[in-house]
Amino acid sequence: MKIVEFDEKGHRVEREATATSSAGVSSLAPRPVLSRPAVEAPRERRKSSGIELHMFQTGTLRTKTKYIKMNQGEEAFEIPVPWFLLKHPQGNVVIDGGNAIEAAIDKRGHWGNVVDAYDPIMQVSENVVDQLKMVDVAPGDVRYLVQSHLHLDHTGAIGRFPKATTIVQRAEYEYAQKPHWFSAGAYIRSDFERPGVNWMFLGGDYTDNYDLFGDGVLRMIFTPGHSPGHMSFLVSLPKSGPILLTIDAAYTMDHWENKALPGLVVSSGQAADLGRQAARNSQRHGGNGGHRP
Ligand SMILES: [Zn+2]
């Protein structure tokens, strides 16, 4: 297992590790104590071609309004479970992976009682690996797996790509080991504690707007609130322009327009600030507030 982090000067640090437990990772990869924001040095924009953004979904979740919009009713509410593939000349990137295949095979066995609140409606064929094959991407062809956060409807791709580096916020990884009681059901350890994962941890505000390829095509925006280490993504495509993938920072337009908090949240204040924060970030990088979620 390889771990990549950032030191106090914002430089990448790589190290080998053998443990997969949280304790092992923490001791081998000390929490960076950063004295200043590790703002990415501006790099020369390169002309890119062969850049494509594909959207997929691993079925839907059948739930209730109150589980999506805090305190807003018992009515039935069904949401898609999206994930994305970014094809890039420097490598394929999977953004989240939807539900794990096990949620289609034995949902209560894999997810437990959380299915009473969020019921996954998913076919086995909708798993991330099989859907990637439809666009001619084999598991060994994925260079990066980027995790918005580690809730159970986003972790279906972890450990499925043998050559991938998996990028997540350190705060999210650590919280997933010891979540609060109210969000414990949303984290499935067997999804993210799979063997052979090469992790790369980002450091919150200090690595905000991390530019994966250095060309502005994929920037990672730190948007905590729904979960401690949530990230949204600003994808800048050569023809379509910037697209802001808010992920769970804004499930619906009501969240974007400050009319609802997420049904699951670890910080109401941070979650409420997200619309402004994400819009500011995308505008700073040439967006128009992003295509709306
Ligand atoms: Zn979530």
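Details of the structure are given in the entry above.
Residues numbered from 1 in each chain as written. Predicted model: local features only at pLDDT ≥ 70, side-chain atom pairs only at ≥ 80, totals over all residues.

(A) Highlighting the overall build of the chain. The helix and strand tally for the chain stands at 9 helices and 13 strands. Burial analysis of the chain (293 residues in total) assigns 43% to the buried set. (Helix = DSSP H or I, 4+ residues; strand = E, 2+ residues; numbered from the N terminus. Buried ≥ 20, exposed ≤ 12 C-beta atoms within 10 Å, placed from the backbone.)

(B) Structural context of unusual backbone geometry. Of note in this structure, aspartate 136 is not a glycine but carries a positive phi near 60°. Note on placement: aspartate 136 falls in the loop between helix H5 (128-133) and strand E7 (142-146). Aspartate 136 sits in the exposed class, given 8 other C-beta atoms within 10 Å. The residue asparagine 209 is not glycine, and still its phi comes out positive at about 65°. Relative to the elements of secondary structure, asparagine 209 occurs in the loop between strand E9 (198-202) and strand E10 (210-211). Of the residues examined, asparagine 209 has 18 C-beta atoms within 10 Å and is grouped as partly exposed.

(C) Region of the structure containing the environment of isoleucine 243. Residue position: isoleucine 243 is located in strand E13 (residues 241-245). Residue class for isoleucine 243 comes out partly exposed when judged on the 19 C-beta atoms lying within 10 Å of it. Separated by 190 residues in sequence, isoleucine 243 and leucine 53 have C-alpha atoms that sit 9.8 Å apart.

(D) Structural view of the environment of valine 114. Note on placement: valine 114 falls in the loop between helix H4 (107-111) and strand E6 (119-121). Residue valine 114 is classed as buried on the basis of its C-beta count, with 20 C-beta atoms lying within 10 Å. Linking valine 114 and tyrosine 187, residues 73 residues apart in sequence, is a C-alpha distance of 10.0 Å. Contact partners of valine 114, with chain neighbours within four places excluded, come to Leu152, Gly185 and Ala186. (Contact = placed C-beta atoms within 7 Å.)

(E) Highlighting the pairing of strand E12 (residues 231-237). Counting buried residues in E12 gives 6 out of 7 residues, a clear majority hidden from the surface. Examined bridge by bridge, strand E11 (residues 218-222) and E12 share 5 bridges and lie antiparallel to one another. Note that in E12 the partner of methionine 220 across the bridge is phenylalanine 233. Pairing of E12 with E13 involves 5 bridges; the strand directions are antiparallel. Paired with leucine 237 across the bridge in E13 is glycine 241. Linking E12 to E13, which pair antiparallel, is a turn of 3 residues. (Pairing = 2+ DSSP bridges.)

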